[in-house]
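# Notes for the structure review
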Amino acid sequence: MIITIFSEDDSTKRAILAANLATFCARQHRKVLLIDATSLKYSLHWGERRAAADARIKLAVRGMEGLPSELENPLSYYRSHFQDIVIDTDGSDSWNADSALVATDVLLVPVGSRSGDLKRRENLIQRIEALRLFNPALRVLVVGLQAISAFGDAAGAEGSGDARVFSDKVLTAALAQTVIHEWLEDNRLLQQGQSVFDSEPRNRRAVEEIEALYQEIAHARDLRLEAGAYSLAILNAIQRRTLSYETAEADQLGGASAGHDRN
């Protein structure tokens, strides 16, 4: 299964989620590849630190270079050798990101109360819907991120509410019942090449959240959608793309007209 974690947030929380999910898969005695297709390479650096520390739970981590055609080919070495592929992407490299998303089984979109402005979220929605033209079977699962205060309590419920609003705007998207809490030790573990499954003492609640989220991801992959839902999603993507082209064309014509008037 290919799981892609996609957001345009430049913080470490997407990489933390990718590292935890990849480690969970590896704990199930599965061959796992974590791919970093981001600009800041948090996941790749995590893998380097993990290899240097000779972590007990083994998994492969590499960048996206040279992999687009491999991911798109179901018979390629990477697709046949690894049972689970987890991709961390922020969409900064459009070609690499699109190649990953076209091959994806389940697209996981983490949304928290600090997950960017409304314009960025709208751009993310348009990007996801445009992908349906190339991957109509794409499953989209939105998961809420919840910050934890210094006292160990959830710092409000804004993340869950924002995740619900986001999922409602993406056709055929599902909202995960699991909420992922952002723990104070998350960044420390990432810097040390560890996951919630490696830490001692282990944060039992964090472990349970990742286990529950993976089960929801697997369920989303196997969920059959009605033909009408596919058709509506694709139609909506076509309409969005057409409107985008028309808007861009109008802007170009407006710019050309303004330049002509000045002359």
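Residues numbered from 1 in each chain as written. Predicted model: local features only at pLDDT ≥ 70, side-chain atom pairs only at ≥ 80, totals over all residues. Heavy atoms only, no water.

## Observations regarding the pattern of salt bridges
The following threshold applies: Any Lys or Arg side-chain nitrogen located within 4 Å of an Asp or Glu carboxyl oxygen qualifies as a salt bridge. Only DSSP runs of H or I with at least four residues qualify as helices, and only runs of E with at least two residues qualify as strands; both kinds are numbered from the N terminus onward. Think of it in three bands: with a 1.4 Å probe and only protein chains considered, a residue is buried below 20% of the maximum accessible area for its type, exposed above 50%, and partly exposed in between.
Taken as a whole, this structure holds nine salt bridges when the rule is applied. When the shortest N-O distance is used, the salt bridge between Arg204 and Glu208 registers 3.6 Å. Residue Arg204 and its partner Glu208 are both found in helix α9 (residues 204–222); the two are separated by four residues, about one turn of the helix. With a relative accessible area of 42%, Glu208 lands in the partly exposed category. Here the residues in one salt-bridge network are Arg204, Glu208 and Glu211, joined through shared partners.

## Topic: the side chain of Arg50
For clarity, the cut-off: We call two N or O atoms a polar contact when they sit within 3.5 Å, provided that within protein one can donate a hydrogen and the other can accept it, with sequence-adjacent residues counted only if both atoms are side-chain atoms. The contact definition used throughout considers only heavy atoms, calling two residues in contact when any of these lie within 4.5 Å.
Along the polypeptide, Arg50 turns up in helix α2 (residues 42–52). A polar atom in the side chain of Arg50 sits 3.2 Å from the backbone oxygen of Ile57. When near neighbours in sequence (up to four residues on either side) are disregarded, Arg50 contacts Thr23, Ala55, Ile57, Leu59, Gly193, Gln194, Ser195 and Asp198.

## Details of the nonpolar core
The cut-off we apply is this: For this analysis, a nonpolar core means a set of buried residues of the types Ala, Val, Leu, Ile, Met, Phe, Trp, Tyr and Cys, connected via side-chain atoms within 4.5 Å.
Core analysis: the largest hydrophobic core is formed by 39 residues, its most contacted members being Leu17, Leu21, Leu108, Ile210, Leu213 and Ile217. Those elements that place two or more of their residues in this core are β1 (2–6), α1 (13–27), β2 (32–37), β5 (106–111), β6 (139–147), β7 (174–182), α8 (186–191) and α9. With 10 residues, the top contributor of residues to this core is α1. Leaving out residues up to four positions away in the same chain, Ile210 has contacts with Leu17, Asn20, Leu21, Phe24, Ile180, Val196 and Phe197. Counting 15 residues, the second-largest nonpolar core is a separate cluster that includes Leu107, Val109, Leu124 and Ile125.

## Description of the packing of α1 against α2
Applied cut-off: Axis lines are fitted to C-alpha atoms, over the contacting stretch for helices. Their N-to-C directions set the angle, which ranges from 0 to 180 degrees. Angles are sorted into four bins: roughly parallel if under 35 degrees, roughly antiparallel if over 145, roughly perpendicular if 65 to 115, and oblique for all others. Take the far helix as the reference: if the near one is turned anticlockwise from it by less than a right angle, the crossing is left-handed, and if turned clockwise, right-handed. Note on residue classes: Ala, Val, Leu, Ile, Met, Phe, Trp, Tyr, Cys and Pro are nonpolar, Asp, Glu, Lys and Arg are charged, and everything else, Gly too, is polar.
Look at α1 against α2: their axes get within 9 Å of each other, and the N-to-C directions meet at 50°. Between α1 and α2, the angle falls in the class oblique. The crossing of α1 and α2 is right-handed. Mapping the contact onto sequence places Ala15, Ala18, Ala19 and Thr23 in α1 and Tyr42, Ser43, Trp46 and Arg50 in α2. In the contact of α1 with α2, the residues fall into five nonpolar, two polar and one charged.

## Notes on the pairing of β6
What counts here: The rule for pairing is simple: two strands pair if DSSP sees at least two bridges between them.
The element β6 is extensively covered by neighbouring structure, given that nine of its nine residues are classed as buried. In this sheet, β7 lies alongside β6 in parallel orientation, the contact comprising six bridges. Within the sheet, the bridge partner assigned to Leu141 lies in β7 and is Ala174.

## Here we look at the packing of aromatic side chains
This is how it is decided: Here a Phe, Tyr or Trp ring, Trp counted by its six-membered ring, pairs with any other such ring whose centre lies within 6.5 Å, and the pair is stacked when the planes are under 30 degrees apart, edge-to-face when over 60, and tilted otherwise.
Scanning all chains against the criterion turns up four aromatic pairs. Geometrically, the ring pair formed by Phe24 and Phe197 is tilted, given 5.9 Å between the ring centres and 35° between the ring planes. Here the residue Phe24 occupies a position in helix α1, and Phe197 occupies one in the loop between α8 and α9, the gap between them amounting to 173 residues. Aromatic pair Tyr77 and Tyr78: ring centres 5.3 Å apart, planes at 80°, arrangement edge-to-face. Feature note: the residues Phe24, Phe197 and Tyr214 constitute an aromatic cluster, connected by ring pairs.

## Section: the packing of α1 against α9
It is the contact of α1 with α9, at a shortest axis distance of 10 Å, that shows an interaxial angle of 80°. Looking at the two axes, α1 sits roughly perpendicular to α9. Here α1 contributes Leu17, Asn20, Leu21, Phe24, Cys25 and Arg27 to the contact with α9, which in turn contributes Ile210, Glu211, Leu213, Tyr214, Gln215 and Ile217. When the residues that make up the contact of α1 with α9 are grouped by side-chain class, the tally is eight nonpolar, two polar and two charged.

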